[in-house]
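Fold and contact review
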Amino acid sequence: ALFAALPDECVVLVVGDADQLPSVGPGAVLRNLLSSGRMPSCALSTIYRQDPSGDIAKNAALINAGRPPTHLHRCTQDELPSGEKPSGCFMVSAQDANAASEIICGRVIDWLESHGFDVLNDVQVLSPQKLGAAGTHQLNYRLKQRLNPREGTTDSGRVAVHGRSVAWAEALSSDSTNSSRVEDLEILATSKMKQSVLQSETIVSVGDPVVQLVNDYNNQVFNGDAGVVTKVSGRGTKSFQFTVRFDGAEQSNGDDVLQVVYSKGALGRVVALSYAMTVHKAQGSEYSVVVMPVVSEHGRMLYRKLLYTGVSRAKSLLVFVGVEAELARAAGVHLSLERNSLLAQRIGLDCFAPPTTRHL
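Throughout what follows, the structure given in this document is the object of discussion. Please read these numbers as outputs of a predicted model, since none were measured by experiment.

1. Here's the deal with the nonpolar core
- Grouped together as the largest cluster of nonpolar side chains are 48 residues, with contacts concentrated most on Leu112, Phe242, Tyr262, Val291, Val319 and Val321.
- Broken down by element, this core gets its largest block of residues, 10 residues, from helix 4 (residues 97–114).
- The contact partners of Tyr262, leaving out residues within four places of it in the chain, are Gln212, Val221, Phe240, Gln241, Phe242, Val244, Phe246, Val270 and Val271.
- Residues Val211, Tyr287, Leu306 and Val311 belong to the second largest nonpolar core, which totals 27 residues.

Have a look at this one:
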C-alpha cells in the first residue's frame with residue numbers, strides 16, 4: 001500500500017538492520033529487498049550507541065558472526081563488584097531459570113541501585129519469551145513487587161492460585177508416569193497465574209512503567225511506545241480506569257507529552273507493564289543498562305538474531321544472568337525464520353524492474 005501510493009518520481013530510502021529480528025508480521029521486506037539484487041545498498045559501519053572499542057560492541061560483533069561472546073566479567077551474585085560505576089558486560093552465574101529470576105529481581109537490582117542507576121529509567125530487563133520462570137510475566141510480577149508495590153496489596157490471591165496448581169501437580173504425581181512432569185506443571189501453572197494477575201486491575205499503580213501493545217491511531221500512540229502510569233481511579237468498580245503519560249510522543253498540536261486514559265480490560269491487552277519486556281518488543285529502542293536471563297528454559301527461543309538484538313540494545317552496561325554455555329549455544333543457532341513471500345524473486349523478474357535497470 002505504501003509503495004503503491006507513491007508517485008513514480010519519489011525516492012524511497014529504507015533503513016534497517018537485516019541481522020536483527022524480522023517483523024512479527026508476515027514477510028521479511030528488508031532482507032528480501034537486499035537479496036533481490038535490484039536495490040542499491042550500503043552498510044553503515046560507525047557505531048554510535050556503544051563505545052566501538054568496548055565490550056558490548058565487541059560481543060555483539062562476535063554473536064553476529066556466530067561466535068560466543070568472550071568479553072565478559074564473570075562472577076556470582078555475591079562477587080558483583082563495588083567501587084566504580086560498572087560498564088561493559090557481566091556474566092552472573094545462575095543454575096536455572098528460577099535462580100536467574102530471583103537474582104535479577106534481587107541482587108542485581110540492589111547492585112545497580114547501589115551504583116546510582118535509576119532502575120525505573122536507566123535499566124531494562126529483556127527476556128526471549130513471556131512464559132516461564134525467567135519470562136516477562138514472572139519477571140514483571142517480581143519486579144513490580146520489588147520496585148513499586150501497590151500499598152495494601154497482599155499475595156493471598158497468588159498463594160490461592162498457586163496452591164491449586166501444587167495440588168494439581170501432587171495429584172498427578174501419584175501416577176508414576178506423570179511424576180517427572182510435576183515441576184514443569186507447577187512452573188507452567190504459576191506462570192499462567194502471573195499472566196492473569198498482570199492483566200488484573202489490582203496490579204497497576206501510579207509510577208508503573210508500561211508499553212503500548214497495539215497501534216491506537218485515535219490517540220496517536222503506537223505499538224512499542226513507552227509510558228508511565230500517572231493516575232488510577234475507580235479500582236474495584238466498572239468505572240475503573242488509569243492514565244498513562246507518554247513523553248516525546250509527536251502530536252498534531254505540537255505537544256510532546258501525551259496523556260491516554262485506559263479503561264477496565266486494557267491492561268495486558270492494549271498496554272502492559274514493562275519492568276521486563278521481550279526482546280522483540282524492545283527492538284528499535286536503546287537503554288543505558290540491559291539485564292538478560294540466559295537459561296536453558298528458553299530453548300529454541302534463544303538464538304543468534306534474538307541474542308544479537310538484545311545485546312545491541314545496551315548503551316553502557318549489559319548484564320547476563322544464567323548459564324554461559326547458553327550464550328555459546330544461542331550464538332551458534334542461525335534460525336533463518338524463512339518466510340515464503342517470494343518478494344525477492346518477484347523483484348528480480350525483468351517485468352518488475354524499473355525501466356533504467358531492466359535487462360535488454
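2. Comments concerning the sheet that holds strand 8 (residues 271–273)
- Read across the open sheet, the 5 strands follow the order 7-6-5-4-8; overall the sheet is antiparallel. With partners counted over all chains shown, the strands left at the sheet margins are strand 7 (257–263) and strand 8, one partner each. With strand direction ignored, the average angle separating the axes of adjacent strands in the sheet is 40°.
- Where strand 5 (residues 226–233) meets strand 6 (residues 241–247), 5 bridges bridge the pair, whose relative direction is antiparallel. For Val232, the partnering residue across the bridge sits in strand 6 and is Phe242.

3. Here's the deal with the packing of helix 3 (residues 55–64) against helix 10 (residues 304–311)
- At a closest axis distance of 9 Å, the pairing of helix 3 and helix 10 adopts a crossing angle of 165°. Taken as axis vectors, helix 3 and helix 10 run roughly antiparallel relative to one another. Between helix 3 and helix 10 the crossing geometry is left-handed. On helix 10, the residues touching Ile56, Ala60, Ile63 and Asn64 of helix 3 are Arg304, Leu307, Tyr308 and Val311.
- Of the residues contributing to the contact of helix 3 with helix 10, the split by class is 6 nonpolar, 1 polar and 1 charged.

Definitions and cut-offs
Residues numbered from 1 in each chain as written. Predicted model: local features only at pLDDT ≥ 70, side-chain atom pairs only at ≥ 80, totals over all residues. Heavy atoms only, no water. Core = buried A, V, L, I, M, F, W, Y, C linked by side-chain atoms within 4.5 Å. Buried < 20%, exposed > 50% of the residue type's maximum accessible area, 1.4 Å probe, protein only. Helix = DSSP H or I, 4+ residues; strand = E, 2+ residues; numbered from the N terminus. Contact = heavy atoms within 4.5 Å. Pairing = 2+ DSSP bridges. Axes fitted to C-alpha atoms, helices over the stretch in contact; angles between N-to-C directions. Parallel < 35°, antiparallel > 145°, perpendicular 65-115°, else oblique. Left-handed = near helix turned anticlockwise from the far one by under 90°. Nonpolar A, V, L, I, M, F, W, Y, C, P; charged D, E, K, R; others polar.

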